[in-house]
Amino acid sequence: MPNGHDLLFRTLADPTRRAIFERLCRDGEQTVGALTARAGVSQPAVSKHLGVLKRAGLVRDRHAGRQTHYSAELTALAPLSEWTSRMTGFWKSRIDDLEDLLKRMDQ
Amino acid sequence: MNDASAETLSVAVDREVPYPPDKIWRALTQPHLIEEWLMQNDFEPVVGHRFDFRADWGSVDCRVLVVEPNRTLSYTWDAMGLESVVTWTLTPTSTGTHLRVEQSGFRADQQQAYQGAKFGWQRFFGALEQVLARAD
(Lines give C-alpha, C1' and ligand atoms only; values in the text may rest on other atoms or scores of the structure.)
Protein backbone atom coordinates (compact mmCIF):
# COMPACT_ATOMS: atom_id res chain seq x y z
CA MET A 1 0.00 0.00 0.00
CA PRO A 2 2.21 2.82 -1.19
CA ASN A 3 1.38 6.42 -0.45
CA GLY A 4 0.37 9.10 -2.94
CA HIS A 5 -3.27 9.43 -2.04
CA ASP A 6 -2.64 11.52 1.05
CA LEU A 7 -3.32 14.93 -0.48
CA LEU A 8 -6.57 13.82 -2.07
CA PHE A 9 -7.83 12.06 1.06
CA ARG A 10 -6.83 14.88 3.39
CA THR A 11 -8.46 17.42 1.11
CA LEU A 12 -11.73 15.50 1.00
CA ALA A 13 -11.66 14.53 4.68
CA ASP A 14 -13.05 17.95 5.67
CA PRO A 15 -16.84 17.61 5.42
CA THR A 16 -17.49 21.23 4.43
CA ARG A 17 -14.84 21.09 1.73
CA ARG A 18 -16.11 17.76 0.48
CA ALA A 19 -19.65 19.14 0.37
CA ILE A 20 -18.52 22.12 -1.72
CA PHE A 21 -16.85 19.71 -4.10
CA GLU A 22 -19.96 17.51 -4.19
CA ARG A 23 -22.07 20.53 -5.05
CA LEU A 24 -19.79 21.40 -7.96
CA CYS A 25 -20.00 17.80 -9.17
CA ARG A 26 -23.78 17.78 -8.93
CA ASP A 27 -24.72 21.26 -10.09
CA GLY A 28 -21.87 22.18 -12.39
CA GLU A 29 -19.92 25.41 -12.54
CA GLN A 30 -20.60 27.91 -9.71
CA THR A 31 -19.35 31.25 -8.44
CA VAL A 32 -18.02 31.68 -4.91
CA GLY A 33 -21.11 33.74 -4.14
CA ALA A 34 -23.50 31.00 -5.25
CA LEU A 35 -21.58 28.42 -3.25
CA THR A 36 -21.51 30.63 -0.17
CA ALA A 37 -25.27 31.19 -0.29
CA ARG A 38 -25.84 27.52 0.44
CA ALA A 39 -22.72 26.58 2.37
CA GLY A 40 -23.58 27.78 5.86
CA VAL A 41 -20.09 29.27 6.22
CA SER A 42 -18.62 32.67 5.27
CA GLN A 43 -17.41 33.59 1.80
CA PRO A 44 -13.75 33.79 2.95
CA ALA A 45 -14.13 30.28 4.35
CA VAL A 46 -15.58 29.03 1.07
CA SER A 47 -12.77 30.74 -0.85
CA LYS A 48 -10.20 29.11 1.39
CA HIS A 49 -11.75 25.69 0.83
CA LEU A 50 -11.80 26.30 -2.94
CA GLY A 51 -8.10 27.17 -2.78
CA VAL A 52 -7.33 23.88 -1.04
CA LEU A 53 -9.45 21.97 -3.56
CA LYS A 54 -7.67 23.71 -6.43
CA ARG A 55 -4.23 22.84 -5.05
CA ALA A 56 -5.32 19.21 -4.90
CA GLY A 57 -6.39 19.42 -8.53
CA LEU A 58 -10.03 18.82 -7.64
CA VAL A 59 -11.40 22.10 -9.00
CA ARG A 60 -10.41 24.50 -11.74
CA ASP A 61 -11.32 28.17 -11.95
CA ARG A 62 -12.33 30.40 -14.85
CA HIS A 63 -12.24 34.17 -14.61
CA ALA A 64 -15.04 36.12 -16.31
CA GLY A 65 -15.07 39.83 -15.56
CA ARG A 66 -15.02 40.29 -11.80
CA GLN A 67 -16.40 36.82 -11.19
CA THR A 68 -14.50 33.60 -10.75
CA HIS A 69 -16.34 30.44 -11.71
CA TYR A 70 -15.33 27.12 -10.21
CA SER A 71 -15.97 23.64 -11.58
CA ALA A 72 -15.14 20.10 -10.47
CA GLU A 73 -12.25 18.21 -12.01
CA LEU A 74 -13.63 14.66 -11.87
CA THR A 75 -10.53 13.04 -13.31
CA ALA A 76 -8.72 14.02 -10.10
CA LEU A 77 -10.85 11.40 -8.35
CA ALA A 78 -9.16 8.58 -10.21
CA PRO A 79 -7.05 7.69 -7.13
CA LEU A 80 -10.28 6.90 -5.28
CA SER A 81 -11.05 4.21 -7.85
CA GLU A 82 -7.47 3.02 -7.50
CA TRP A 83 -7.92 2.92 -3.72
CA THR A 84 -10.99 0.70 -4.00
CA SER A 85 -9.36 -1.73 -6.40
CA ARG A 86 -6.14 -1.76 -4.38
CA MET A 87 -7.91 -2.39 -1.06
CA THR A 88 -10.17 -5.03 -2.60
CA GLY A 89 -7.06 -6.83 -3.82
CA PHE A 90 -5.39 -6.35 -0.44
CA TRP A 91 -8.26 -7.94 1.51
CA LYS A 92 -8.65 -10.79 -0.97
CA SER A 93 -5.01 -11.73 -0.61
CA ARG A 94 -5.15 -11.33 3.21
CA ILE A 95 -8.18 -13.65 3.34
CA ASP A 96 -6.28 -16.14 1.16
CA ASP A 97 -3.57 -16.16 3.84
CA LEU A 98 -6.22 -16.35 6.58
CA GLU A 99 -7.62 -19.50 4.96
CA ASP A 100 -4.13 -21.00 4.80
CA LEU A 101 -3.76 -20.30 8.52
CA LEU A 102 -7.16 -21.84 9.32
CA LYS A 103 -6.07 -25.04 7.56
CA ARG A 104 -3.01 -25.22 9.82
CA MET A 105 -4.80 -24.33 13.06
CA ASP A 106 -6.03 -26.95 15.53
CA GLN A 107 -9.75 -27.18 15.96
CA MET B 1 -26.16 -1.75 6.44
CA ASN B 2 -28.20 1.34 5.59
CA ASP B 3 -28.00 4.15 3.07
CA ALA B 4 -24.80 5.41 4.68
CA SER B 5 -22.87 2.72 2.83
CA ALA B 6 -23.78 4.41 -0.45
CA GLU B 7 -22.54 7.74 0.87
CA THR B 8 -19.05 6.56 1.70
CA LEU B 9 -16.00 5.30 -0.07
CA SER B 10 -16.08 1.58 0.62
CA VAL B 11 -14.94 -1.85 -0.46
CA ALA B 12 -16.20 -5.27 0.60
CA VAL B 13 -14.92 -8.80 0.13
CA ASP B 14 -17.03 -11.90 0.82
CA ARG B 15 -15.78 -15.45 1.21
CA GLU B 16 -17.34 -18.79 2.09
CA VAL B 17 -14.98 -20.44 4.56
CA PRO B 18 -15.30 -24.14 5.51
CA TYR B 19 -14.70 -23.54 9.24
CA PRO B 20 -17.00 -22.53 12.10
CA PRO B 21 -17.17 -18.88 13.23
CA ASP B 22 -15.40 -19.49 16.57
CA LYS B 23 -12.27 -20.79 14.81
CA ILE B 24 -12.19 -17.82 12.44
CA TRP B 25 -12.82 -15.48 15.37
CA ARG B 26 -9.62 -16.74 17.04
CA ALA B 27 -7.65 -15.98 13.88
CA LEU B 28 -9.17 -12.49 13.75
CA THR B 29 -8.53 -11.61 17.41
CA GLN B 30 -5.39 -13.34 18.71
CA PRO B 31 -2.31 -11.22 17.97
CA HIS B 32 0.05 -14.10 17.17
CA LEU B 33 -2.54 -15.53 14.76
CA ILE B 34 -3.40 -12.14 13.22
CA GLU B 35 0.29 -11.68 12.48
CA GLU B 36 0.32 -14.85 10.38
CA TRP B 37 -2.18 -13.59 7.81
CA LEU B 38 -2.34 -9.80 8.22
CA MET B 39 0.43 -7.88 10.01
CA GLN B 40 2.37 -7.53 13.24
CA ASN B 41 0.10 -5.96 15.82
CA ASP B 42 -0.73 -5.27 19.46
CA PHE B 43 -4.44 -5.94 19.09
CA GLU B 44 -6.69 -6.68 22.06
CA PRO B 45 -10.39 -7.52 21.66
CA VAL B 46 -11.45 -4.64 23.91
CA VAL B 47 -13.62 -1.77 22.73
CA GLY B 48 -11.62 1.46 22.77
CA HIS B 49 -8.23 -0.30 22.71
CA ARG B 50 -5.74 1.56 20.51
CA PHE B 51 -3.28 -0.53 18.53
CA ASP B 52 -1.36 -0.55 15.31
CA PHE B 53 -0.53 -2.87 12.48
CA ARG B 54 3.08 -2.73 11.36
CA ALA B 55 4.55 -3.73 8.02
CA ASP B 56 7.68 -2.95 6.06
CA TRP B 57 5.85 -0.15 4.22
CA GLY B 58 4.68 1.58 7.42
CA SER B 59 1.99 1.26 10.03
CA VAL B 60 -1.76 1.57 10.39
CA ASP B 61 -3.25 3.33 13.44
CA CYS B 62 -6.33 1.59 14.78
CA ARG B 63 -8.91 1.69 17.57
CA VAL B 64 -11.33 -1.11 18.41
CA LEU B 65 -14.99 -0.12 17.84
CA VAL B 66 -17.06 -3.30 18.09
CA VAL B 67 -16.38 -6.72 19.65
CA GLU B 68 -19.24 -9.23 19.39
CA PRO B 69 -17.52 -12.61 19.78
CA ASN B 70 -17.93 -14.96 16.81
CA ARG B 71 -20.10 -12.38 15.01
CA THR B 72 -18.71 -8.87 14.46
CA LEU B 73 -15.34 -7.17 14.85
CA SER B 74 -14.78 -3.56 13.84
CA TYR B 75 -11.85 -1.18 14.16
CA THR B 76 -10.71 2.11 12.71
CA TRP B 77 -7.96 1.92 10.09
CA ASP B 78 -6.03 5.14 9.64
CA ALA B 79 -3.54 4.96 6.77
CA MET B 80 -2.60 6.79 3.60
CA GLY B 81 -4.26 9.95 4.88
CA LEU B 82 -7.65 8.29 5.17
CA GLU B 83 -9.36 7.31 8.42
CA SER B 84 -11.56 4.38 7.53
CA VAL B 85 -13.37 1.63 9.40
CA VAL B 86 -12.78 -2.09 8.86
CA THR B 87 -15.62 -4.41 9.86
CA TRP B 88 -15.51 -8.21 9.91
CA THR B 89 -18.83 -10.04 9.90
CA LEU B 90 -19.14 -13.80 10.51
CA THR B 91 -22.38 -15.57 9.62
CA PRO B 92 -22.69 -19.33 10.27
CA THR B 93 -23.77 -21.44 7.29
CA SER B 94 -24.48 -25.16 6.83
CA THR B 95 -20.93 -25.68 5.56
CA GLY B 96 -19.00 -23.23 7.72
CA THR B 97 -19.03 -19.45 7.75
CA HIS B 98 -19.83 -16.61 5.42
CA LEU B 99 -17.00 -14.17 6.09
CA ARG B 100 -17.31 -10.55 5.03
CA VAL B 101 -14.81 -7.72 5.43
CA GLU B 102 -15.89 -4.20 4.63
CA GLN B 103 -13.71 -1.09 4.67
CA SER B 104 -15.37 2.33 4.56
CA GLY B 105 -13.88 5.79 4.45
CA PHE B 106 -15.44 9.20 4.97
CA ARG B 107 -17.85 7.98 7.61
CA ALA B 108 -21.41 9.24 7.73
CA ASP B 109 -20.77 11.09 10.98
CA GLN B 110 -18.29 13.31 9.14
CA GLN B 111 -20.81 14.33 6.53
CA GLN B 112 -23.18 16.68 8.31
CA ALA B 113 -21.69 20.13 7.83
CA TYR B 114 -23.13 21.14 4.48
CA GLN B 115 -26.86 21.23 4.02
CA GLY B 116 -28.24 19.08 1.27
CA ALA B 117 -24.99 17.28 0.54
CA LYS B 118 -26.25 13.89 -0.60
CA PHE B 119 -24.02 13.05 -3.52
CA GLY B 120 -22.74 9.52 -3.06
CA TRP B 121 -19.30 8.25 -3.83
CA GLN B 122 -20.77 5.56 -6.03
CA ARG B 123 -22.12 8.32 -8.25
CA PHE B 124 -18.69 9.96 -8.34
CA PHE B 125 -17.33 6.76 -9.77
CA GLY B 126 -20.16 6.61 -12.29
CA ALA B 127 -19.49 10.18 -13.37
CA LEU B 128 -15.76 9.54 -13.39
CA GLU B 129 -16.14 6.55 -15.70
CA GLN B 130 -18.17 8.69 -18.09
CA VAL B 131 -15.48 11.37 -18.08
CA LEU B 132 -12.74 8.84 -18.69
CA ALA B 133 -14.76 7.21 -21.48
CA ARG B 134 -15.16 10.57 -23.22
CA ALA B 135 -11.43 11.20 -22.96
CA ASP B 136 -11.05 8.12 -25.18
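Our subject is the structure listed above.
Keep in mind the model is a prediction, meaning the values are calculated, not measured.

Peer 1: So what about the environment of L53(A)? Which residues, and what values?
Peer 2: Residues and elements named next belong to chain A. Tracing the chain through its elements places L53 in helix α4 (residues 43-55). For L53, a count of 25 C-beta atoms within 10 Å corresponds to the buried category. Spatially, the C-alpha atom of L53 lies 9.8 Å from that of L7, the residues being 46 residues apart in sequence. The contacts of L53, once residues within four sequence positions are left out, are T11, R17, I20, F21, L58 and V59.

Peer 1: An account of the sheet that holds strand β1 (residues 30-31) of chain A is needed here, citing residue identities and associated values.
Peer 2: Residues and elements named next belong to chain A. Here three strands make up an open sheet; going across it, the order is β1-β3-β2 and the pairing antiparallel. Unpaired on one side and paired on the other, β1 and β2 (59-64) mark the two borders of the sheet. Relative to strand β3 (residues 67-72), β1 runs antiparallel, the two sharing two bridges. The residue bridging T31 from the neighbouring strand is H69, located in β3.

Peer 1: Describe in detail helix α2 (residues 15-27) of chain A, supporting the description with residues and values.
Peer 2: All names here are of chain A. With 13 residues, α2 should cover 18 Å at 1.5 Å per step; its first-to-last C-alpha distance of 18 Å lies within 8% of that length. Listed in full, the buried residues belonging to α2 are R17, R18, A19, I20, F21, E22, R23, L24 and C25. At the exit of α2 stands G28, carrying a positive phi of roughly 80°.

Peer 1: Describe in detail the sheet that holds strand β2 (residues 40-41) of chain B, supporting the description with residues and values.
Peer 2: Judged by pairing direction, the sheet is antiparallel, and its seven strands sit side by side in the order β1-β7-β6-β5-β4-β3-β2 (chain B) without closing on themselves. Every other strand in the sheet has two partners, leaving β1 (9-17) and β2 of chain B as the edge strands with one partner each. Sitting on the sheet, helix α5 (residues 78-104) of chain A is in contact with β1 and β7 (97-105) of chain B, with an inclination near 25° to β1(B). Where helix α1 (residues 21-29) of chain B meets the sheet, it contacts β1, β5 (72-79), β6 (82-92) and β7 of chain B, and its direction lies at approximately 155° from that of β6(B).

Peer 1: Mind laying out the packing of helix α3 (residues 32-39) of chain A against α4(A), listing which residues take part and the relevant values?
Peer 2: Residue and element names in this part refer to chain A. Across the interface, α3 lies against α4 with an axial gap of 9 Å and an inter-helix angle of 115°. In terms of orientation, α3 and α4 fall into the roughly perpendicular class. Remark: the crossing between α3 and α4 carries right-handed chirality. Between α3 and α4, the contacting residues are V32, L35, T36 and A39 on the first element and Q43, V46, S47 and L50 on the second.

Each value, and the rule that gives it
Residues numbered from 1 in each chain as written. Chains lettered and ligands numbered in written order. Predicted model: local features only at pLDDT ≥ 70, side-chain atom pairs only at ≥ 80, totals over all residues. Helix = DSSP H or I, 4+ residues; strand = E, 2+ residues; numbered from the N terminus. Buried ≥ 20, exposed ≤ 12 C-beta atoms within 10 Å, placed from the backbone. Contact = placed C-beta atoms within 7 Å. Pairing = 2+ DSSP bridges. Expected span 1.5 Å × (residues − 1). Axes fitted to C-alpha atoms, helices over the stretch in contact; angles between N-to-C directions. Parallel < 35°, antiparallel > 145°, perpendicular 65-115°, else oblique. Left-handed = near helix turned anticlockwise from the far one by under 90°.

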